[in-house]
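# An overview of the molecular structure
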Amino acid sequence: SVFYEYDFGDSWEHTITLEKILPVEKDITYPVCLAGERNCPPEDCGGVIGYGELLIIINDPKDEEYDSMMEWLDGEFDPEYIDLAIINTHLQEKNFGILYG
């Protein structure tokens, strides 16, 4: 496992575990994310505590902060949504491909 901290101000801590090494496939651009769960939290939402508060607010349209939070989120945010194509585009834009020949 590898420990990774993203955004030192919000302290998003991740543990990345290599579960299996698969044979390289000719028609796949690496690195590639094969599966995942949930949307990534919005940037600068306040770390784990701030994200938890955000989820409570956006799930209650009667909350006094709901409108301002939804405006900050450009009108929408689905915490369950995941798009592997977008994730893989971001991974591959980082030019990790040079590590794989």
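Preceding block: the structure.
An account of the accompanying structure is given in this report. (Residues numbered from 1 in each chain as written. Predicted model: local features only at pLDDT ≥ 70, side-chain atom pairs only at ≥ 80, totals over all residues. Heavy atoms only, no water.)

## Some details on the overall build of the protein chain
When helices and strands are counted, the protein chain shows 3 helices and 2 strands. Overall, the protein chain shows an N-to-C arrangement of helices and strands of β-β-α-α-α. The globule rule puts the C-alpha radius of gyration for 101 residues at 13 Å, and the 17 Å found for the protein chain is more than 25% above it. For the protein chain, the spread of C-alpha atoms along the three principal axes comes to 55 × 25 × 20 Å. Of all 101 residues assigned to the protein chain, the portion counted as buried reaches 20%. Restricting the contact set of the protein chain to residue pairs at least 6 apart, pairs at least 24 apart contribute 54%. (Helix = DSSP H or I, 4+ residues; strand = E, 2+ residues; numbered from the N terminus. Rg over C-alpha atoms; globule rule 2.2 N^0.38 Å. Buried < 20%, exposed > 50% of the residue type's maximum accessible area, 1.4 Å probe, protein only. Contact = heavy atoms within 4.5 Å.)

## Considerations on helix H1 (residues 47-58)
Here H1 is 12 residues long and its end C-alpha atoms lie 16 Å apart, about the 16 Å a rise of 1.5 Å per residue gives. Those residues of H1 that are buried lie in contact with strand E2 (12-16) and helix H2 (66-72). (Expected span 1.5 Å × (residues − 1).)

## Considering a nonpolar patch on the surface
A surface patch of nonpolar side chains, amounting to about 380 Å² of accessible area, comprises Val2, Tyr4, Tyr6 and Ile16. No other element matches the 3 residues that strand E1 (residues 2-6) contributes to the nonpolar patch. Mapped onto the elements, Tyr6 comes out in strand E1. (Patch = residues over 30% accessible without salt bridge, like charges linked within 9 Å, V, L, I, M, F, W, Y side chains within 5 Å. Areas by Shrake-Rupley, 256 points an atom, 1.4 Å probe, with all protein chains shown as cover. Salt bridge = Lys/Arg side-chain N within 4 Å of Asp/Glu carboxyl O.)

The quantities given are spatial measurements derived from coordinates; they are silent on function.
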